[in-house]
Amino acid sequence: MTAKFADEGAAVPLRLVPADGVEAATAVLPPVAAAWAGAHGFAGKAGERLVLPGEDGNPALALIGTGDAASRARTRFAAGAAIAALPKGRYAIEDWPQDRAEAEEIGLGYLFARYRFDTYRKQSEPGAELVAPPDADMAARLARIATSEYLTRRLIDTPAADMGPDALEQAARDLADAYGAGIEVTTGEELLEANLPMIHAVGRAAATPPRLIELTWTGAADGPTLTLVGKGVCFDTGGLNLKPGASMALMKKDMGGAANVLGLARSIMDAGLKVRLRVLIPAVENSVSGSSFRPGDILTARNGMTVEINNTDAEGRLVLADALSLAVETPPDLLVSMATLTGAARVAVGPDIAPFLTDDEALAASLATAGRQVADPVWRLPFHTPYEPMIEPGIADLDNAPKGGMAGAITAALFLRRFTADHPSYLHFDIFAWSQSNAPGRPKGGLGQGGRALLEALPEVLWKT
Ligand code: BES
Ligand code: ZN
Ligand code: ZN
């Protein structure tokens, strides 16, 4: 499914009306239309929508409320999503906001709201179509970002029975084919020969063999190097430390990190960014069988560190550890991991904000600014080195599940950092990757988080521009 704006052509004009602009907006309307707006109590609230009839009774003008600063601060994408919910027809915004962030939020809100997950049940067709903004570059960028978001959402929304490690591999292959990228996959017992022992240990109990997916793409032979690592746990039962039913229910989304890095990779390749891109996805199912890894087992990671398993449900950091070790054997300029790694991250910042950790101050600053620019809220958590002892249990180098659960998102990230060979520009996102209820532009289901902020920050981060 691709996201797109409508072509130019006969369209109902659409006026954006802020809460304090209702009087001015109605004053210029023909009396019938002004009366109609008054009778409907149109107040320019964020996301309010009203179609005004012309003399022949057909739609003559659409009003979309953009609210006031306070209400805009409370909700993202309200105006754009309201456009998508207008009656069937084509609409054209008369005056796109001059401010880039405002205009993009409207365009993205519209495109995001048109996402439908219709694999298993036909969904309502999006009826309203919005003519592209006059800035063709902006229109193309927004369509690109939204199509990548659709990919991310679809991968997450697809249940584990149809999105196992094999299907995730196929999705990566399809993406590689579409953009002429290279792809290599190491599967099952090959993981042991390739020295990826923890990916094997976590995934070996499942019916579908574990694998490491590697996608490579060159936008410019001398470009900066970027490696994205995504947690691809296609279903997380918790393993022998089985999750209770309520906690397991949503665990098809535990490949949300992989879905996010694939979406980001799509945007990078589609935009033709002059980078050398490498994507690593450990794809496994954390399952239960006679071959499950066990609490108390001590695993030896790719980089030689030993890890005491204190909870088989802390599996994401194990598969990521091997992928990160491999990543830094060819150190990229920027190393990123994205993962639905801990419940603690969600407790800390809730489902709406993507927490990130990095020791690179400039990168952190760029990301924070970029997140605001593109309405992709991110917030920094500290790589608090004094917590290192919490991941050091005694009889192995590391503990995968510190007792007590204090600072769970930080200790998980510190664990990952141990496998990055002190890479100076390592960035880790601990995302939720899920919209819990229908919100503007974010229907209940899979969700991209952090990737848009990172895409926006990339030029500054990689080229210091
Ligand atoms: N996939 C989960 C983390 C998760 C849970 C993310 C719910 C988003 C929502 C992860 O594998 C996990 O279970 N982590 C444990 C770690 C603990 C055992 C140290 C957690 O966070 O409880
Ligand atoms: Zn788990
Ligand atoms: Zn998990």
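Residues numbered from 1 in each chain as written. Chains lettered and ligands numbered in written order. Predicted model: local features only at pLDDT ≥ 70, side-chain atom pairs only at ≥ 80, totals over all residues. Heavy atoms only, no water.

### Quick word on the environment of A140
For A140, the position within the fold is in helix α6 (residues 136-157). Since its relative accessible area comes to 39%, A140 is described here as partly exposed. (Helix = DSSP H or I, 4+ residues; strand = E, 2+ residues; numbered from the N terminus. Buried < 20%, exposed > 50% of the residue type's maximum accessible area, 1.4 Å probe, protein only.)

### Topic: the pattern of salt bridges
Pairing between side chains of opposite charge can happen when the charged atoms of each approach one another. For the structure on display, the rule yields 25 salt bridges. The partner of K122 in a salt bridge is E125, with the nearest N and O atoms 3.6 Å apart. Assigned by exposure class, K122 and E125 land together as exposed. Salt-bridge contacts for R418 lead to E392; the nearest nitrogen and oxygen are separated by 2.4 Å. Taken together, the residues span a long stretch of sequence, with R418 in the loop between α15 (408-417) and β17 (426-430) and E392 in the loop between β15 (378-380) and β16 (398-399) at a distance of 26 residues. When salt bridges with common partners are traced through the structure, they connect D359, E388, E392, R417 and R418 into a single cluster. (Salt bridge = Lys/Arg side-chain N within 4 Å of Asp/Glu carboxyl O.)

### Quick look at helix α7 (residues 165-179)
The first and last C-alpha atoms of α7 sit 21 Å apart over 15 residues, in line with the 21 Å expected at 1.5 Å per residue. Three or more residues of α7 are buried, namely P165, L168, E169, A171, A172, L175 and A176. One side of α7 holds all its buried residues, which, seen down the axis, span an arc of 160°. The exposed residues of α7 that point more than 90 degrees off its buried face are D177 and A178. Taken together, the buried residues of α7 touch α6, β6 (182-187), β7 (211-218), β9 (232-236), α11 (256-271) and β10 (276-286). (Expected span 1.5 Å × (residues − 1). Arc of directions from axis to C-beta. Contact = heavy atoms within 4.5 Å.)

### A look at the side chain of E388
Structurally, E388 is set in the loop between β15 and β16. Assessed through its relative accessible area of 10%, E388 is described here as buried. Leave out the neighbours within four places in its chain, and E388 touches L414, R417 and R418.

### Some thoughts on the coordination of the zinc ion (ligand 2)
Only D236 (OD), D313 (O), D313 (OD) and E315 (OE) from the protein coordinate the zinc ion (ligand 2), and they sit 2.0 to 2.2 Å from it. In this structure, the zinc ion (ligand 2) is coordinated by six donor atoms arranged in irregular fashion, with angles at the metal of 72 to 169°. For the zinc ion (ligand 2), the single-chain donor residues occur in sequence as D-x76-D-x1-E. A separation of 3.2 Å is found between the zinc ion (ligand 2) and the zinc ion (ligand 3), both of which receive a donor from D236. (Donors = N, O, S within 2.8 Å, 3.2 Å for Na, K, Ca; no water. Tetrahedral: all angles 85-135°; square planar, octahedral: opposite > 155°, others 65-115°.)

### Description of the packing of aromatic side chains
Tallying each qualifying case throughout the model produces seven aromatic pairs. Here the aromatic rings of F117 and Y120 are separated by 5.8 Å at their centres, their planes lie at 55°, and the arrangement is tilted. Here Y120 falls in the partly exposed class, since its relative accessible area comes to 45%. When the ring centre of F112 is taken as origin, the NZ or CZ atom of R153, which lies over that ring, is 5.1 Å away. The ring of F383 has R417 sitting right over it, with the charged end atom 4.9 Å from the ring centre. (Phe/Tyr/Trp six-rings, centres within 6.5 Å; stacked < 30°, edge-to-face > 60°. Lys NZ or Arg CZ within 6 Å of the ring centre and 35° of its normal.)

### Points about the sheet that holds β16
Strand order in the open sheet made by the three strands is β11-β12-β16, with mixed pairing throughout. Each edge of the sheet is formed by a strand with only one pairing partner; in this case those strands are β11 (298-300) and β16. Pairing between β11 and strand β12 (residues 306-308): three bridges, direction antiparallel. The residue bridging T300 from the neighbouring strand is T306, located in β12. (Pairing = 2+ DSSP bridges.)

### Some words on the coordination of the zinc ion (ligand 3)
Tetrahedral coordination by four donors puts the ideal angle at the metal at 109.5 degrees, and octahedral coordination by six puts it at 90 or 180 degrees. K231 (NZ), D236 (OD), D254 (OD) and E315 (OE) make up the full set of protein donors to the zinc ion (ligand 3), lying at 2.0 to 2.4 Å. Geometry at the zinc ion (ligand 3) is octahedral, judged from the six donor atoms that bind it and their angles of 77 to 173° at the metal. Coordination of the zinc ion (ligand 3) draws on donor residues from a single chain, spaced K-x4-D-x17-D-x60-E in sequence.

### Regarding the domain arrangement of the chain
The assigned domain composition of the chain is domain 1 (12-130) and domain 2 (145-462). Centre-to-centre separation of domain 1 and domain 2, based on C-alpha positions: 37 Å. Facing 21 residues of domain 1, the contacting portion of domain 2 comprises 22 residues. Of the roughly 1,800 Å² buried at the junction of domain 1 and domain 2 (both faces included), carbon and sulfur atoms supply 56%. Together, R76, F112 and Y115 form the three largest contributors to the area buried by domain 1 at its contact with domain 2, with a combined 43%. Our count for the domain 1 to domain 2 interface comes out at three salt bridges. Salt-bridge contacts for E456 lead to R100; the nearest nitrogen and oxygen are separated by 3.0 Å. Only α4 (78-84) and α5 (100-113) provide two or more residues apiece to the side of domain 1 that touches domain 2. (Domains from an automatic or database assignment. Buried area = accessible area lost by both parts, 1.4 Å probe.)

### Quick look at the packing of helix α12 (residues 316-329) against α15
Angle between the axes and distance between the axes are the two parameters that describe a pair of packed helices. Look at α12 against α15: their axes get within 9 Å of each other, and the N-to-C directions meet at 30°. One way to sum up the angle between α12 and α15 is to call them roughly parallel. Regarding α12 and α15, the two cross each other, and that crossing is right-handed. Counted together, R317, L318, L320, A321 and L324 of α12 and A412, F415 and L416 of α15 form the full contact between these two elements. Broken down by class, the residue content of the contact of α12 with α15 amounts to seven nonpolar, no polar and one charged. (Axes fitted to C-alpha atoms, helices over the stretch in contact; angles between N-to-C directions. Parallel < 35°, antiparallel > 145°, perpendicular 65-115°, else oblique. Left-handed = near helix turned anticlockwise from the far one by under 90°. Nonpolar A, V, L, I, M, F, W, Y, C, P; charged D, E, K, R; others polar.)

### Things to note about the nonpolar core
Of all hydrophobic cores here, the largest spans 88 residues; its most connected members are L14, L168 and L277. Those residues in contact with L14 that sit more than four places away from it in its chain are L61, A62, I64, I83, L86, Y91, A92, I93, E94 and L130. Counting 44 residues, the second largest nonpolar core, distinct from the first, contains I199, L357, I410 and A412. (Core = buried A, V, L, I, M, F, W, Y, C linked by side-chain atoms within 4.5 Å.)

### Structural notes on the sheet that holds strand β3 (residues 59-67)
Spatially, β2-β3-β1-β4-β5 is the arrangement adopted by the five strands of the open sheet, whose pairing is mixed. Across the chains shown, the open sheet's two edge strands, defined by having one partner strand only, are β2 (49-53) and β5 (128-130). Looking at each pair of strands side by side, their axes are set apart by 35° on average, direction ignored. Here helix α2 (residues 31-39) sits on the sheet and contacts β2 and β3; the angle it forms with β2, its principal contact strand, is near 150°.

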